[in-house]
Amino acid sequence: ARVLRAFVRDGRLVSIPSVHSKRLVVLDWLSQRFEPGRRYSEQMVNLILAQVHPDTAALRRYLVDDDFLSRAGGEYWRTGGSYEPEPDALFAPDA
């Protein structure tokens, strides 16, 4: 949380951390904007990332390089990052 407080203001990334361990915290935060199992065009990835920082190319590259997103055929999908399951799913009775 301390890293995010240092780099995020009002929901926007004020700078991209140069220290890899800090950048991983920010990338995990960014990966939460992508729904697991959904495929995104590069244009959609850019639109999502542009909501938080203008350097979408760098963020997209970092997300792929650090395995938060994967890419093939011009499509991206989430492959990493922390995931919080829906509270109801934790207590759903077995069918």
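Residues numbered from 1 in each chain as written. Predicted model: local features only at pLDDT ≥ 70, side-chain atom pairs only at ≥ 80, totals over all residues. Heavy atoms only, no water.

Asker: Just checking my understanding: could you explain the packing of aromatic side chains for this structure?
Answerer: The description of an aromatic ring pair uses the distance of the two centres, along with the angle that the planes make with each other. Within the structure shown, the criterion is met by one aromatic pair. Here Phe-34 and Tyr-40 contribute two aromatic rings whose centre-to-centre distance is 5.2 Å and whose plane-to-plane angle is 90°, an arrangement assigned as edge-to-face. Each of the two residues, Phe-34 as well as Tyr-40, counts as buried. Against the face of Trp-29 rests Arg-33, its NZ or CZ located 5.4 Å from the ring centre. Between Arg-61 and the ring centre of Tyr-62, over which it is positioned, the NZ or CZ distance is 5.9 Å. (Phe/Tyr/Trp six-rings, centres within 6.5 Å; stacked < 30°, edge-to-face > 60°. Buried < 20%, exposed > 50% of the residue type's maximum accessible area, 1.4 Å probe, protein only. Lys NZ or Arg CZ within 6 Å of the ring centre and 35° of its normal.)

Asker: I would appreciate a short explanation of unusual backbone geometry in the present structure.
Answerer: Residues other than glycine predominantly adopt negative phi, and peptide bonds predominantly adopt the trans conformation. One non-glycine residue, Asp-10, lies in the positive phi region at around 50°. Within the fold, Asp-10 resides in the loop between strand E1 (8-9) and strand E2 (12-13). Among the residues examined, Asp-10 registers a relative accessible area of 82% and is labelled exposed. Of note in the backbone geometry, Asp-67 takes a positive phi value of approximately 65° without being a glycine. The topology assignment puts Asp-67 in the loop between helix H4 (56-65) and strand E4 (69-72). (Helix = DSSP H or I, 4+ residues; strand = E, 2+ residues; numbered from the N terminus.)

Asker: Could you clarify how one ought to interpret the pairing of strand E5 (residues 75-78) in this entry?
Answerer: Two faces, one strand: in a regular strand the side chains alternate between the faces of the sheet. Burial along E5 is one-sided: Tyr-76 and Arg-78 are buried, while Glu-75 and Trp-77, pointing the other way, are not. The sheet contact formed by strand E3 (residues 39-41) and E5 spans three bridges and is antiparallel. Residue Tyr-40 lies in a different strand from E5, and its bridge partner there is Tyr-76. Bridge count for E4 against E5 is four bridges, and the pairing is antiparallel. Paired with Arg-71 across the strands is Tyr-76, a residue of E5. The hairpin turn running from E4 into E5, its antiparallel successor, is two residues long, and Gly-73 in that turn takes a positive phi close to 60°. (Pairing = 2+ DSSP bridges.)

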